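# Descriptive analysis of the structure
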There are 2 protein chains.
Amino acid sequence: MRFSICAAIVFIFIHSPVFSQEYSFSDNDKYVLVIHGGAGTLLPGKMSAEKERAYRDKLTEALSAGYEKIKNGGQSLDAVTAAITVMEDSPLFNAGKGAVMTHEGKNELDASIMDGATQDAGAVAGITTVKNPILAARSVMEKSGHVMLSGPGAEHFAESQGLEIVAPEYFWTERRWENLQRVLEKDSAQVELDHDEKQTFSPPVVDNIDDKFGTVGAVARDKKGSLAAGTSTGGMNNKRFGRIGDSPIIGAGNYANNQVAISCTGWGEFYIRTVAAYNVASQMKLLGLSVEEASENVIEEIGNLGGTGGMIALDKDGNYATPFNTAGMYRGTVNEKGEIKVEIFK
Amino acid sequence: MRFSICAAIVFIFIHSPVFSQEYSFSDNDKYVLVIHGGAGTLLPGKMSAEKERAYRDKLTEALSAGYEKIKNGGQSLDAVTAAITVMEDSPLFNAGKGAVMTHEGKNELDASIMDGATQDAGAVAGITTVKNPILAARSVMEKSGHVMLSGPGAEHFAESQGLEIVAPEYFWTERRWENLQRVLEKDSAQVELDHDEKQTFSPPVVDNIDDKFGTVGAVARDKKGSLAAGTSTGGMNNKRFGRIGDSPIIGAGNYANNQVAISCTGWGEFYIRTVAAYNVASQMKLLGLSVEEASENVIEEIGNLGGTGGMIALDKDGNYATPFNTAGMYRGTVNEKGEIKVEIFK
């Protein structure tokens, strides 16, 4: 398969900003931190004013916590962990305290983090006792000699690093328990037998799409221009069999290099199959696409396979994009002047 | 950050086959299956003739098993699982029966598989009772509604699919036990205390690099031109804390689309950080590089970060590459005529 230079040139012209729309920001409104709190069927009429206020307040608090780090000379990594920790500690999001439940009624948490400056990365999967999974992921990156740790071993490691350990019940919330019970009723009707009499399992039934997609994440750039990305989740409501989604998988749900940082939220299986986060970085690096063009391309690719969700991406110059193909996505930004913007709907 | 078309054109010219070396194969020697049995310090003088013969015979057997599937009209997926199953059942390789041991003296197995035609994928991590992890990965892909399952949940799923279950002791071999004991002696000297008096863990000591890199894998193309990739491993000798390497991570240790299929072997942490397998596919798709150029670029990128290992990659036209930056890599090919070639050294 020989490469056609002509085709490539045409391709690049078509995809060049000359021929497509691109946001450009003045130096005065460079963005330093972008966060998300999950994508889903978020519609203006469907959400009470009280609930909307609670989400807006918590997103603002997370942005403020991250911004403080950067303003005071902290690393982008510090901003990412500060913002995510606020969301993990809140029952509003499907991460940390608000995590959805497994088929068995447990909370199994995943998180990952990546340092764009060094391409170092850390991740934890299936942990049940570490209060802030994003801090566990950071410890793995900085202290373990590994990238990804899982299960009781990861918990043992986190404890050895002095991280706060909680009883698994800490993550239990009545709201998530009720969600699970509702879904289990539908689920029991869905399991089928195939012709071999072996069970075939469809993706778990989800009656409230928010439960599936409430993953949180943050991408930041610090005063040195270094980027970082972090993602944390409780996974998919009613998940079974030690299912691991995209959030703890470097390249799928999270990625950062010296050009762009990406955190994803959505139907994880599709993000793994499209290697979503690295896919964005690749299109920027190899085709020279803008952060907006590249991230929108990948959300389109996910949509073409039948997947739904969104992502946030922030480039080294402070340009960002927050594409999603769901009705809404909890998201927010803060710029260098500390100006905070929070959005939920399209 | 605006995109410079001129720079891109220059870049593409430099990387175009016109200006670089590229293998081209005649229609008569199109390759249908490429396998690896791990990369490491494999030197002609260091290996007994008997040991070399055993490896060559087993690689030949794996290639034959995969070739039979394709010759008889089977899918590339069938060839991949047939070849990997042979290597998993042999104690020679660090996968299945020959898996290395964890710090605690257990065998925890990882595997993944991807169908290039559909971009469907399946993976298992940290399983201890399924005789052939690659078959578990395939079941996850075809029957679970998920991509990645882990631990006891993954085992429970595999059992529900009728896969062969063994006692964890099935994977125990004296050779791997002795390797672990040797390493544990060195390891105990390596753990340090940092200034916070929290432990910092370096990557586990490995005295025999083969133990680290003995992962197996296969990439195949069938008569319809569909590609598939599979990878299976026992991970890293003396691994701790539920460590997950690149092998079960789609995009890192394994990837396939309709253009190329890739399976990796090496120091997994570097393959995750460089999103190695998808990195190859990206460079082929977005820059039009050949399978050889793209895979060599990625091995170089891994080397630049300090990582070692190799990979196999097979494109839709039957061109392949097997780059590695170690002394050797167990590898083999079979073409459409059934001609088998096996290599170990550089």
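It should be emphasised that the depicted structure is a prediction, and the values quoted were computed from it without experimental measurement. (Residues numbered from 1 in each chain as written. Chains lettered and ligands numbered in written order. Predicted model: local features only at pLDDT ≥ 70, side-chain atom pairs only at ≥ 80, totals over all residues. Heavy atoms only, no water.)

### Side note on the overall build of chain A
Scanning chain A from terminus to terminus reveals 10 helices and 15 strands. Across the 346 residues in chain A, those meeting the buried criterion constitute 63%. Put simply, of all contacts in chain A between residues at least 6 apart along the chain, 69% involve residues at least 24 apart. Total accessible area computed for chain A in this model is approximately 12300 Å², and 50% of it derives from carbon and sulfur atoms. (Helix = DSSP H or I, 4+ residues; strand = E, 2+ residues; numbered from the N terminus. Buried < 20%, exposed > 50% of the residue type's maximum accessible area, 1.4 Å probe, protein only. Contact = heavy atoms within 4.5 Å. Areas by Shrake-Rupley, 256 points an atom, 1.4 Å probe, with all protein chains shown as cover.)

### Re unusual backbone geometry
A positive phi angle, close to 60 degrees, is found at A:Q119, a residue other than glycine. Among the structural elements, A:Q119 can be located in the loop between β2 (109-115) and β3 (120-127). For A:Q119, a relative accessible area of 16% gives the class buried. Phi is positive for B:N238, which is not a glycine, with a value near 70 degrees. With respect to the helices, strands and loops of the structure, B:N238 is situated in the loop between β8 (227-233) and β9 (243-244).

### Structural notes on helix α3 (residues 76-88) of chain A
All names here are of chain A. The end-to-end C-alpha separation of α3 is 18 Å, in line with the 18 Å expected for 13 residues at 1.5 Å each. Counting buried residues in α3 gives 12 out of 13 residues, a clear majority hidden from the surface. Tucked into the core, α3 has its buried residues touching β1 (31-40), α2 (49-71), β2, α4 (133-143), β7 (216-221) and β8 (227-233). (Expected span 1.5 Å × (residues − 1).)

### Here's the deal with the side chain of A:Q283
In this fold, A:Q283 is placed in helix α9 (residues 276-287). Polar side-chain contacts of A:Q283 include one of 2.8 Å to the side chain of A:N297. With residues up to four places along the chain from it excluded, the contact list for A:Q283 reads A:G288, A:L289, A:A294, A:N297, A:V298 and B:L286. (Polar contact = N/O pair within 3.5 Å; in protein donor to acceptor, adjacent residues only side chain to side chain.)

### Looking at the nonpolar core
Formed by 98 residues in total, the largest nonpolar core has its most connected members in A:I262 and B:I262. Excluding its chain neighbours within four sequence positions, the residues that come into contact with A:I262 are A:V219, A:A229, A:G253, A:N254, A:Y255, A:A277, A:V280, A:A281, A:M311, A:I312 and A:A313. (Core = buried A, V, L, I, M, F, W, Y, C linked by side-chain atoms within 4.5 Å.)

### Some details on the side chain of A:H146
Tracing the sequence through the fold places A:H146 in the loop between α4 and β4 (148-150). Given a relative accessible area of 5%, A:H146 falls into the buried group. Within the structure, A:H146 has its side chain in polar contact with the side chain of B:E269 (distance 2.7 Å).

### Quick notes on the sheet that holds β4(A)
What the nine strands build is an open sheet, ordered β15(A)-β14(A)-β1(A)-β7(A)-β8(A)-β2(A)-β3(A)-β4(A)-β9(B); its pairing is mixed. If you trace the sheet from one side to the other, it starts and ends with β15 (340-345) of chain A together with β9 of chain B, each paired once. Where strand β14 (residues 328-335) of chain A meets β15(A), five bridges bridge the pair, whose relative direction is antiparallel. Bridging across to β15(A), A:T333 finds its partner in A:K341. In the packing of α2(A) onto the sheet, contacts are made with β1, β7, β14 and β15 of chain A, and the angle to β15(A) comes to roughly 145 degrees. On top of the sheet, helix α5 (residues 151-160) of chain A reaches β3 and β4 of chain A; it is set at about 120 degrees to β3(A), its chief contact. (Pairing = 2+ DSSP bridges. Axes fitted to C-alpha atoms, helices over the stretch in contact; angles between N-to-C directions.)

### Some words on the packing of helix α9 (residues 276-287) of chain B against helix α10 (residues 291-305) of chain B
All names here are of chain B. Close contact between α9 and α10 brings their axes to 9 Å; oriented N to C, the two are set at 140 degrees. Taken together, the axes of α9 and α10 lie oblique to each other. Where α9 crosses over α10, the handedness of that crossing is right-handed. The residues of α10 that touch α9, namely those facing A276, N279, V280, Q283 and M284, are V291, A294, S295, N297, V298, E301 and I302. Of the residues that constitute the contact of α9 with α10, the class distribution is seven nonpolar, four polar and one charged. (Parallel < 35°, antiparallel > 145°, perpendicular 65-115°, else oblique. Left-handed = near helix turned anticlockwise from the far one by under 90°. Nonpolar A, V, L, I, M, F, W, Y, C, P; charged D, E, K, R; others polar.)

### Thoughts on the pairing of β2(A)
All names here are of chain A. Burial analysis of β2 places seven of its seven residues in the buried class, which makes it a mostly covered element. Of the two faces of β2, both are covered, the one formed by L109, A111, I113 and D115 as well as the one formed by D110, S112 and M114. Pairing between β2 and β3: six bridges, direction antiparallel. What sits directly across from D115, in β3, is D120. What sits between the antiparallel neighbours β2 and β3 is a turn of four residues, in which Q119 has the positive phi angle 60 degrees. In the sheet, β2 pairs with β8 via six bridges, with the strands oriented antiparallel. Residue pairing across strands places I113 opposite G230, the latter belonging to β8.

### A closer look at the pattern of salt bridges
Residues and elements named next belong to chain B. Summed over all chains, the structure comprises 25 salt bridges over all chains. Where K71 meets E68, a salt bridge forms, and the shortest distance between an N and an O atom there is 3.6 Å. One end of the pair is K71 and the other is E68, both in helix α2 (residues 49-71) and three residues apart, which spans about a single turn. Salt-bridge contacts for R138 lead to D78; the nearest nitrogen and oxygen are separated by 2.9 Å. (Salt bridge = Lys/Arg side-chain N within 4 Å of Asp/Glu carboxyl O.)

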